[in-house]
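Structure assessment
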Amino acid sequence: GALSMKKLALLGTGFLGGIIARAWREGLLPDYELAGITGRNAEKTAALAEEIGCPSFSDLEQLLHTAHPDIVAECAGVQAVKAHAEAILTSGADLVTLSIGAFADAGFYSRIAQIAKDSGTVVHIASGAVGGFDVARTISLMGRVGDGVKGRIDTRKGPKSLQGTSLYAEDLLQAQRTVFSGNAKEAIALLPTKVNVAVATSLACSTPEE
């Protein structure tokens, strides 16, 4: 019944937010009511709300205080997690985060873990692009017992996605080449919004330094 339905809210109304909202509209999240959405781009947010038939809010604070969601799904980027995770958790809502790169920051990770514990809420780290985390974790735990098991991730990016970073060069538009090789912690420092999958994998396996 409606009483047992959980209230879901979306932070981020771009491509990924749209996918989640449409999945809800198509009945793929039957246990949830879409209680509200909010995003940086007011036009996109309003258009998505109208298409889906759910309330939209001008900012997260208004959404939390008005819609009282049980769960907030974040698909707005690493900076949004850093800016809003605390408010979401202290409002009593659980957080499902796609931009897990935020948690490569050890200080932020431990602060949010403590806030979640204090407020009785949970952070779910969604393995957006990677389905094999459980396998990676299992292999890693087996490796701890015996020989160390090493894993690696190769990520291919379109050259335009590297614009504005120190790795970008004009010649990348002509030919593919390796622009970075190193561990996940070094990668996230250079590319804070581009290597969520690598950080998630390293968290599942061991630590971002390995």
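Relevant structure appears above.
Described below are features of the structure shown in this document. Keep in mind the model is a prediction, meaning the values are calculated, not measured.

What to know about the packing of helix α1 (residues 15–25) against helix α2 (residues 42–52)
Relative to each other, α1 and α2 sit at 15°, their axes nearing to 10 Å. Regarding the angle of α1 to α2, the classification is roughly parallel. Here α1 and α2 pass one another in a crossing that is right-handed. Between α1 and α2, the residues in contact are Gly17, Gly18, Ala21, Arg22, Trp24 and Arg25 and Leu48, Glu51 and Ile52, respectively. Among the residues making up the contact of α1 with α2, the classes are represented as four nonpolar, two polar and three charged.

Points about a nonpolar patch on the surface
Together, Phe15, Leu16 and Ile19 give the surface a local cluster of nonpolar side chains, amounting to about 340 Å² of exposed area. Within the secondary structure, Leu16 is located in helix α1.

Re the packing of aromatic side chains
Two aromatic rings, taken as a pair, are described by how far apart their centres are and by the angle between their planes. In the structure shown here, the tally under the stated rule is two aromatic pairs. An angle of 25° between the planes, with centres 5.5 Å apart, marks the rings of Phe103 and Phe108 as stacked. For Phe108, a relative accessible area of 5% gives the class buried. Relative to Tyr109, the ring of Phe103 lies with its centre 6.0 Å away and its plane at 85°, an arrangement referred to as edge-to-face. In this structure Phe103 comes out as buried when scored by relative accessible area, which is 5%. Note on Tyr109: relative accessible area 41%, which makes it partly exposed. Site record: aromatic cluster; members linked through ring pairs are Phe103, Phe108 and Tyr109.

Brief notes about the nonpolar core
Among soluble globular proteins, nonpolar side chains are generally buried collectively. Core analysis: the biggest nonpolar cluster contains 23 residues, and Val72, Ile88, Phe108 and Ile112 have the highest contact counts within it. Sorting the residues of this core by element identifies β1 (6–11), α3 (60–67), α4 (78–90) and α5 (106–119) as the ones contributing at least two each. The leading source of residues in this core is α4, at six residues. Apart from residues lying up to four places away in sequence, Val72 is in contact with Ala9, Leu11, Leu64, Ile88, Ala93, Asp94, Leu95 and Val96. If you look at the next biggest cluster of nonpolar residues, it comprises eleven residues, including Leu8, Ala49, Ile52 and Ala73.

Conventions adopted
Residues numbered from 1 in each chain as written. Predicted model: local features only at pLDDT ≥ 70, side-chain atom pairs only at ≥ 80, totals over all residues. Heavy atoms only, no water. Axes fitted to C-alpha atoms, helices over the stretch in contact; angles between N-to-C directions. Helix = DSSP H or I, 4+ residues; strand = E, 2+ residues; numbered from the N terminus. Parallel < 35°, antiparallel > 145°, perpendicular 65-115°, else oblique. Left-handed = near helix turned anticlockwise from the far one by under 90°. Contact = heavy atoms within 4.5 Å. Nonpolar A, V, L, I, M, F, W, Y, C, P; charged D, E, K, R; others polar. Patch = residues over 30% accessible without salt bridge, like charges linked within 9 Å, V, L, I, M, F, W, Y side chains within 5 Å. Areas by Shrake-Rupley, 256 points an atom, 1.4 Å probe, with all protein chains shown as cover. Salt bridge = Lys/Arg side-chain N within 4 Å of Asp/Glu carboxyl O. Phe/Tyr/Trp six-rings, centres within 6.5 Å; stacked < 30°, edge-to-face > 60°. Buried < 20%, exposed > 50% of the residue type's maximum accessible area, 1.4 Å probe, protein only. Core = buried A, V, L, I, M, F, W, Y, C linked by side-chain atoms within 4.5 Å.

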